[in-house]
Amino acid sequence: MKRIPVDLLIKKLSILTVGMSREVNENFTNLTHEQLHWQPNDKSWSIAQCLEHLNAYYRYYIPVFNGKIANTRFNEPIQFFTSSPMGRAVYRSVKLGKVYNVKRVLNSRKEYNPLVNSSLKSENPIEDYLNFQDQFVEVIKASEKIDLRKTKCPLSLRPVVKLNLGDALTFMAYHNERHIYQAKRVLDRLNKMT
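Report follows, based on the coordinates. Residue numbers here run from 1 along each chain, matching the order of that chain's written sequence. Thresholds applied to this predicted model are a pLDDT of at least 70 for local features of residues and 80 or more for the giving and counting of side-chain atom pairs; totals over whole chains, interfaces and linings are not thresholded and use all residues. Each side-chain value is worked out from all heavy atoms of the structure, with water and hydrogens disregarded.

### Side note on the packing of aromatic side chains
Then, in step 1: Each aromatic pair joins two rings of Phe, Tyr and Trp (for Trp, the six-membered one) with centres within 6.5 Å, and gets the label stacked for planes under 30 degrees apart, edge-to-face for over 60, and tilted for any other angle. Evaluation of the coordinates by the stated rule reveals nine aromatic pairs.
Then, in step 2: Through successive ring pairs, a cluster of aromatic residues spans Tyr57, Tyr58, Tyr60, Tyr61, Phe65, Tyr129, Phe132, Phe136 and Phe171.
Then, in step 3: A ring is considered to have a charge above it if a Lys NZ or an Arg CZ atom is located within 6 Å of its centre and within 35 degrees of its normal. Lying across the ring of Phe80, Arg3 places its NZ or CZ 3.8 Å from the centre.

Now the structure itself:
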């Protein structure tokens, strides 16, 4: 991401996040338990599994983001944000391509893969997801009051590696969009069968 005004970045990430909540409300809230958990094949995720994957990331990142925002010593907001080269690489790896074509298939680590980690199940994956989305929007808004470049966040998969907060928030928003699009493709396949 080239140099961008922080208020524009905050607005862009908020709009994307709220849009994904709208997509979930419009597409998945009226599905039956069977429809939510239907898998196209044994190696593909169901809609519920896509949401649980995102919920697992939120369980890690929401407290990390809130802690970093509350405790940063870089509490002077900046006017412009520029991604780091590593941050750009991380969020571009999950960002959807043009016309929603997913450029590459990514393998999820077992901690975040609902096919191999049975603890990634809940009674209400949609409700949990929407609650996390609301929290994430609040995190995005709160981040506007600090320095998004100097405040660093550890990556969930490699805590030694840290991204600046602006890149970490961008990663989460694009990662979210990627998996909601994946869940919508599952729904399209399910609808073609009926």
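### Some remarks on the packing of helix H1 (residues 6-28) against helix H5 (residues 125-143)
Then, in step 1: Fitted lines through C-alpha atoms serve as axes, helices being fitted only where they are in contact, and the angles separating the N-to-C directions of these axes extend from 0 to 180 degrees. In DSSP terms, a helix is any run of H or I states spanning at least four residues, a strand is any run of E spanning at least two, and both are numbered starting from the N terminus. Between H1 and H5, whose axes approach to 9 Å, the crossing angle comes to 170°. One finds that H1 runs roughly antiparallel with respect to H5. Packed against H1, whose contacting residues are Ile10, Leu13, Ser14, Thr17, Val18, Met20, Ser21, Val24, Asn25 and Phe28, the element H5 presents Ile126, Tyr129, Leu130, Gln133, Phe136, Val137, Ile140, Lys141 and Ser143 at the interface.
Then, in step 2: Residue classes follow a fixed rule: Ala, Val, Leu, Ile, Met, Phe, Trp, Tyr, Cys and Pro count as nonpolar, while Asp, Glu, Lys and Arg count as charged, and any other residue, Gly among them, counts as polar. Grouping the constituent residues of the contact of H1 with H5 by class yields twelve nonpolar, six polar and one charged. By definition in this entry, angles of less than 35 degrees are roughly parallel, angles greater than 145 are roughly antiparallel, angles of 65 to 115 are roughly perpendicular, and the rest are oblique. Here, residues are in contact when the closest pair of their heavy atoms is within 4.5 Å.

### Structural notes on the environment of Asn75
Then, in step 1: On the secondary structure map, Asn75 appears in the loop between helix H3 (47-71) and strand S2 (80-81).
Then, in step 2: Overall, the relative accessible area of 49% leaves Asn75 in the partly exposed class. The buried label goes to any residue with under 20% of its type's maximum accessible area, the exposed label to any with over 50%, and the partly exposed label to all in between, with areas taken from a 1.4 Å probe on protein chains only.

### Looking at the nonpolar core
Then, in step 1: Ranked by size, the top nonpolar core spans 54 residues in total, and within it Ile47, Phe65, Tyr129, Phe136 and Leu148 carry the most contacts.
Then, in step 2: Listing elements by their share of this core, those giving two or more residues are H1, H3, helix H4 (85-94), H5 and helix H6 (165-193).
Then, in step 3: Among all residues touching Phe65, those that are not within four sequence positions of it are Phe136, Val139, Cys153, Leu165, Ala168, Leu169 and Met172. Working definition of a nonpolar core: buried Ala, Val, Leu, Ile, Met, Phe, Trp, Tyr and Cys residues. They are joined through side-chain atoms within 4.5 Å.

### Quick look at the pattern of salt bridges
Then, in step 1: Here, a salt bridge means any side-chain nitrogen of Lys or Arg that lies within 4 Å of a carboxyl oxygen of Asp or Glu. Counted by the stated rule, this structure contains three salt bridges.
Then, in step 2: For Arg59, the salt bridge is made with Glu52, and the minimal N-O distance between the two is 3.7 Å.
Then, in step 3: Residue Arg59 is classed as partly exposed on the basis of its relative accessible area of 40%.
Then, in step 4: According to the relative accessible area criterion, Glu52 is buried, its value standing at 4%.
Then, in step 5: Between Glu138 and Lys141 there is a salt bridge, and its shortest N-O distance comes to 3.9 Å. Placement of the pair is Glu138 and Lys141 together in helix H5, with a separation of three residues, close to one helical turn.
Then, in step 6: Accessibility expressed as a relative area gives 48% for Glu138, which makes it partly exposed.

### As for the packing of H4 against H6
Then, in step 1: With their axes 8 Å apart at the nearest point, H4 and H6 run at an angle of 10° to one another. As judged from the angle between their axes, H4 and H6 are roughly parallel. Listed contacts from H6 to Gly87, Arg88, Val90, Tyr91, Ser93 and Val94 of H4 are Asp167, Thr170, Phe171, Tyr174, His175 and Arg178.

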